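Spelled out from the first residue to the last, the chains are:
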Amino acid sequence: MSQLLEILEYPFNQRALLIAMLIGFANGFLSGFIVLRRSALMVGSLAHTLLPGIALAIATFGVLNAFTAFFGALFAALLVGLGAILVSRNSRLDGDSALAILYTTAFAGGLLLVDRMSVNSELEHWLFGNILGLSDADLWLAFGVSALILLCLASLRRPLVIMLFEPAVAETLGIPVRSLSYLLMALMVLGLITSLQAVGCILSLSLLVAPASIVYLFSNSPRALFWGGAIIGALSAAAAVFLSNLLGVRTGACIVLLLGGLFGIAFLISPRYGLLAAVGKVPSQHDH
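Residues numbered from 1 in each chain as written. Predicted model: local features only at pLDDT ≥ 70, side-chain atom pairs only at ≥ 80, totals over all residues. Heavy atoms only, no water.

Comments concerning the overall build of the protein
Looking only at helices and strands, one finds 16 helices and zero strands in the protein. What you see for the protein is a C-alpha radius of gyration of 20 Å, in line with the 19 Å of a compact globule of 288 residues. Considering only C-alpha atoms, the protein reaches an extent of 70 × 60 × 40 Å along its principal axes. Looking at the protein as a whole, 48% of its 288 residues qualify as buried. Put simply, 75% of the contacts in the protein that link residues at least 6 apart link residues at least 24 apart. Carbon and sulfur atoms provide 67% of the accessible area of the protein, an area that totals close to 14400 Å². Computed over 13 positive and 12 negative side-chain charges, the separation of the two mean positions in the protein equals 13 Å. (Helix = DSSP H or I, 4+ residues; strand = E, 2+ residues; numbered from the N terminus. Rg over C-alpha atoms; globule rule 2.2 N^0.38 Å. Buried < 20%, exposed > 50% of the residue type's maximum accessible area, 1.4 Å probe, protein only. Contact = heavy atoms within 4.5 Å. Areas by Shrake-Rupley, 256 points an atom, 1.4 Å probe, with all protein chains shown as cover. Lys, Arg positive; Asp, Glu negative; His and termini not counted. Charge placed at Lys NZ, Arg CZ, Asp CG, Glu CD.)

As structure tokens, then:
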């Protein structure tokens, strides 16, 4: 207990804990919509656009910090994500194929830009995360973006859920399905970007998929997915800050490993959808 209190004596650990919980809660809440929409692969593709976005920020602003990286990654991810929707709705190509072409093209362009820049040490923090090195400005940025994500999702939860389950019914009820699809895409991008300095663009996908996936193995309730995912995301991120300090390992990787471990346990012990339950339901030869 004394070791945990000692960790909190340092301001950078206090900031890291607050940012981790903010990001974990907001992205965990958002993960419920991603699981219901079955769009984890799409989010993974968007995560790959964060690198060219960061490279674009360096090329445009000449400096890499929280705000330039935020706007660069936001521009690149929205350009690819919304571009894929535009291509799929105005051609024979499906959305996944359009997204695959656009994100790989953007990623290749980002690699070429990065090769011409001498910012490898700084860039590593954005690829793999460096939550302990964040400033007060980063804390306020994380707070603002997390609050925006939660406010949008909480206020539009009912029409979003109807759209995800019954898009045809949603249209008959006058719900703007296309606009909500664009909004959900934009919120996914914001969720990925808030994770950048915590877990890096390579591991950011986990915070947007794993929390609600864990709950999904125990419950079919959308409310449980949203709030359960938020709580698991926040607590896992907070626990990882302490654990990474005690073990001397990367906090971002620790967050993802904790979430992966929780998912593995849930997959084993879930009474309805777990591996042990499935094995118990397999009829033996003596039953025939």
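Structural notes on the side chain of S146
Of note, S146 is situated in helix 8 (residues 136–155). Using a relative accessible area of 2% as the deciding quantity, one classes S146 as buried. Excluding residues within four positions of it along the chain, S146 makes contact with L22, I23 and A26.

Quick look at the nonpolar core
Counting 61 residues, the largest nonpolar core has L30, F33, L50, L153, M163, L184 and I193 as its most contacted members. Top element by residues in this core is helix 11 (residues 177–194). It accounts for 10 residues. Beyond its immediate chain neighbours, meaning those up to four positions away, L184 contacts L30, F33, R37, L153, M163 and L164. L139, V199, A210 and V256 belong to the second largest nonpolar core, which has 26 residues in total. (Core = buried A, V, L, I, M, F, W, Y, C linked by side-chain atoms within 4.5 Å.)

As for the confidence of the model for the protein
Of the residues in the protein, 93% reach a pLDDT of 70 or more, and the chain-wide mean stands at 83. Mean pLDDT across the elements of the protein bottoms out in helix 7 (residues 120–128) (64) and peaks in helix 13 (residues 210–216) (93). (pLDDT = per-residue confidence, 0-100.)

Some words on the packing of aromatic side chains
Taken as a whole and judged by the stated rule, the model has six aromatic pairs. Ring geometry for F29 and W227: centres 4.8 Å apart, planes at 80°, overall edge-to-face. Note that F29 is positioned in helix 2 (residues 11–37) and W227 in helix 14 (residues 222–247), a separation of 198 residues in sequence. Relative to F143, the ring of W140 lies with its centre 6.0 Å away and its plane at 85°, an arrangement referred to as edge-to-face. Residue W140 and its partner F143 are located together in helix 8, separated by three residues, close to a single helical turn. An aromatic cluster is present here, built from F25, F29, F33, F226 and W227 joined pairwise through their rings. A cation over an aromatic ring shows up here: R89 above the ring of Y182, its NZ or CZ 5.5 Å from the ring centre. (Phe/Tyr/Trp six-rings, centres within 6.5 Å; stacked < 30°, edge-to-face > 60°. Lys NZ or Arg CZ within 6 Å of the ring centre and 35° of its normal.)

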